[in-house]
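Structural characterization, general
Single-letter residue listing:
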Amino acid sequence: MSNLPDTPHGTAVPATTEGHSDRSLAVPDRFENPGMPPHAPRRADVDPRAAKRAERQVASLFLLSILGTLGFLVAYFAIDPEARGHVPGIGLMSLYHLALGLTLAISLLGIGFGAVHWAKTLMPGEEIAEERHPQRSDEETRDAAAQILSDGYRGAQLHRRPLLLFTAGGALALFALPLAVQVVGGLGPLPGDRLARTHWRQGTRLMVDPAGTPIRPEHVTQGSVFHVMPEGFVGEEAEHELDADELLVAKGKDSVILVRLNPEDIRSQKELDWGYEGIVAYSKVCTHVGCPVALYEQQTHHLLCPCHQSTFDMTDDCKVIFGPAKRPLPQLRISVDEEGYLQAEGDFEEPVGPSYWERG
Amino acid sequence: MTKLPALRRSPIALVVLLLLGLTMTGTAYAAFKPAAPVNPMEQAANASEEDIETGRKLFLANCASCHGTNAQGNGTAGPSLVGVGAAAVDFQVSTGRMPLAEPGVQAPRNARAVNFSEEEIYQMAAFVHSLGPGPDVPEPEYLDASQGDPANGGKLFRTNCAMCHNSSGSGGALTRGKYAPDLMNVTPAHIYEAMQTGPQSMPVFNDDNITPEEKRDVIAFIKDIEEGGSSYGGHSLGSLGPAGDALFVWTFGIALIIGAAVWLGRKAS
């Protein structure tokens, strides 16, 4: 580096050292400001041909930007938005968006690169240090400012008429309330029991999602998995009758996963009692943050959540055996109706999905 | 000073190197990706006695060490094959999963490891089919993706398949090293048979759950994605979701920003 004493360019070394031997002892209390390194003129500063070349480069970058902008306009009107084509290295993609993106990038980068190149080659290149000034004003200016405020206060007669002071203050303070009410009001209304209840009722049939057909116990063979919704909230009829919001809410909290386990493998008596001959139905909404827990490993009977890998043991009442979820999945009590289809025996006993404030 | 070392230290070199590395990895992957065989197989129920007998011999030579001489299973080495059906045999053997190359958490798909002709696989399937009733290989009419409804298939896929196999069918991780495989370039017959038989960790989707017509819809949907589907974005970056995309953007974005910062901060000569 340049501040080693034996290099020929060691101009920045302070001249306080007396010799090589006691250099370490001669460290001064304060280093002197070495100042700016000497200004080295750029090629464009000294060579008119280089300056001309830089000018041409900058101008061509701006020209490139102009062409990019014109290209964007042409592409916007000329290319069919649906057109797709194979682009080497990228694959099948929309040519319209590719053209718009590329031309806009050329247009913006042309301006940017041009401006920076201009600044670096042709604009003034001397190094300048700006001094830092104290921010505090002098006493005279400060007193004058205080006097102006004091005169205003007295001129408005606020010192003699406190009624004005308090009513004006009150009006201004209350003025903020409508704003606050809108913000707080926008958080409502309170959810009531909507978080705690689903659409499952006594006698609601279990329907295959998305076909909307009822399920017989013999359909649910061992090792198979059924994704289930309550009757009336899935299938073509429901899609006509209910609006999109209602369908989405139903999908969000009523989804159930149905599997048949070997009754001997089930370790929880409650799970066995609430199921039907080893067929058990559990809420599909993860108790962590509500993703669909639907990765069912038919050999280990583990249910895995794709979002954060919470793992539930289906043979032991869907207790959490791994991951961030804190509660087991709620079980849906099921039975078979007179026509031989699986039906619910009422709603879940506890709220489905993630914990929330009121639930604690 | 020569030109090359100077170029090597240039900030652009990093970008070029990254680009080269990524391109080469992608090309190498595409070059070595095994292609799956095409086979709509004949129904095993129509097999002759002769086929079943040849199949039994093939079974004894290749499968009996794990599955037992009568396919009754052999403890932890291999499960019983009675009642798994011809569909399971066709799926496991003609995708190269069976015979198992080495013990592991999961038998990987390996089209190069298929050492049997289609006829031999058919004979083994016929033998296993003769042991007990199970799902037969699918009928060709349910494998024709052009007759399926990809929109309905997409619905079914998102409800039943997407959480393991990813919404674009590129697969995903399960527990303890197991995984749901990539569904691209899988033959319609194998997709159908996998739904029908539930191989390994995968659950079964029987005809009462997803009807044969609906299975065809699912196949149509998967084939639609494979052909580019309604994708307008170009390179899929593996369709691994936000993590893969973010890795790409971070690597390239940060490299570009560093390059720009170095250029901006450097004095012109």
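**Details of the packing of helix α5 (residues 85–94) of chain B against helix α9 (residues 188–197) of chain B**
All names here are of chain B.
- Close contact between α5 and α9 brings their axes to 9 Å; oriented N to C, the two are set at 125°. Our classification of the angle between α5 and α9 gives oblique. Relative to α9, the crossing made by α5 is left-handed. For the pair formed by α5 and α9, the contact residues are Ala87, Ala88, Asp90, Phe91 and Ser94 on the first element and His190, Glu193, Ala194 and Thr197 on the second.
- Here the residues of the contact of α5 with α9 sort into four nonpolar, three polar and two charged.

**Concerning the domain arrangement of chain B**
Residue and element names in this part refer to chain B.
- For chain B, the assigned domains are domain 1 (3–33 + 237–265), domain 2 (35–137) and domain 3 (138–234).
- Averaged C-alpha coordinates put domain 2 and domain 3 at centres separated by 22 Å.
- Taken together, the contact pairs 24 residues of domain 2 with 21 residues of domain 3.
- Carbon and sulfur atoms supply 54% of the area that domain 2 and domain 3 bury against each other, a total of about 1,700 Å² over both sides.
- Interface area lost by domain 2 to domain 3 is led by Phe91, Gln106 and Arg109, which between them contribute 34%.
- Our count for the contact surface shared by domain 2 and domain 3 stands at zero salt bridges.
- Between domain 2 and domain 3 we count seven residue pairs in polar contact (both at pLDDT 80 or more) in total.

**A few points about the packing of aromatic side chains**
- Within this structure, the stated rule accounts for seven aromatic pairs over all chains.
- Seen in terms of ring centroids, A:Phe72 and A:Tyr76 are 6.4 Å apart; in terms of plane orientation they differ by 20°. Their pairing is stacked. Of this pair, A:Phe72 and A:Tyr76 both sit in helix α2 (residues 48–78), four residues apart, roughly one helical turn.
- Here a set of aromatic residues connected by ring pairs shows up, and it is made of A:Phe72, A:Tyr76 and A:Phe77.
- It is A:Arg216 that lies over the ring of A:Tyr341; its NZ or CZ is 4.5 Å from the centre.
- Between B:Lys215 and the ring centre of B:Tyr192, over which it is positioned, the NZ or CZ distance is 5.5 Å.

**So, the interface of chain B and chain A**
- The interface is formed by 36 residues belonging to chain B together with 40 residues belonging to chain A.
- Summing both partners gives a buried area of about 3,100 Å² for chain B against chain A, and 54% of it is carried by carbon and sulfur.
- Area buried by chain B at its contact with chain A is led by B:Met163, B:Tyr232 and B:Trp263, which between them contribute 21% of it.
- Linking chain B with chain A are three salt bridges, by the criterion used here.
- With a shortest N-O distance of 2.8 Å, A:Glu297 and B:Lys178 are connected by a salt bridge.
- In this assembly, chain B and chain A are joined by 16 residue pairs in polar contact (both at pLDDT 80 or more).

**Re the layout of surface pockets**
- For the largest pocket, the calculated volume is near 2,000 Å³.
- Considering the residues around the largest pocket, the lining is formed by 45 residues, among which A:Ile90, B:His235, B:Ser236, B:Leu237 and B:Gly238 are closest to the centre.
- Of all the elements in the fold, those that place two or more residues in the lining of the largest pocket are β2 (91–94) of chain A together with α2 (11–32), α10 (212–226) and α11 (242–265) of chain B.
- When residues in the lining of the largest pocket are grouped by element, the largest group, nine residues, is from α2(B).
- Of the residues assigned to the lining of the largest pocket, the class counts are 18 nonpolar, 22 polar and five charged.
- Its volume calculated, the second largest pocket comes out at about 1,300 Å³.
- What lines the second largest pocket is a set of 48 residues, and nearest its centre among them are B:His67, B:Pro79, B:Leu81, B:Val84 and B:Gln92.
- By residue number, the principal contributor to the lining of the second largest pocket is α5(B), which donates four residues.

Thresholds, definitions, all that
Residues numbered from 1 in each chain as written. Chains lettered and ligands numbered in written order. Predicted model: local features only at pLDDT ≥ 70, side-chain atom pairs only at ≥ 80, totals over all residues. Heavy atoms only, no water. Axes fitted to C-alpha atoms, helices over the stretch in contact; angles between N-to-C directions. Helix = DSSP H or I, 4+ residues; strand = E, 2+ residues; numbered from the N terminus. Parallel < 35°, antiparallel > 145°, perpendicular 65-115°, else oblique. Left-handed = near helix turned anticlockwise from the far one by under 90°. Contact = heavy atoms within 4.5 Å. Nonpolar A, V, L, I, M, F, W, Y, C, P; charged D, E, K, R; others polar. Domains from an automatic or database assignment. Buried area = accessible area lost by both parts, 1.4 Å probe. Salt bridge = Lys/Arg side-chain N within 4 Å of Asp/Glu carboxyl O. Polar contact = N/O pair within 3.5 Å; in protein donor to acceptor, adjacent residues only side chain to side chain. Phe/Tyr/Trp six-rings, centres within 6.5 Å; stacked < 30°, edge-to-face > 60°. Lys NZ or Arg CZ within 6 Å of the ring centre and 35° of its normal. 1 Å grid on protein atoms, 1.4 Å probe; cavity = no way out; pocket = protein on both sides within 12 Å on 5 of 7 lines; lining within 4 Å. Points joined across faces, edges and corners; volume = space filled by probe spheres on them.

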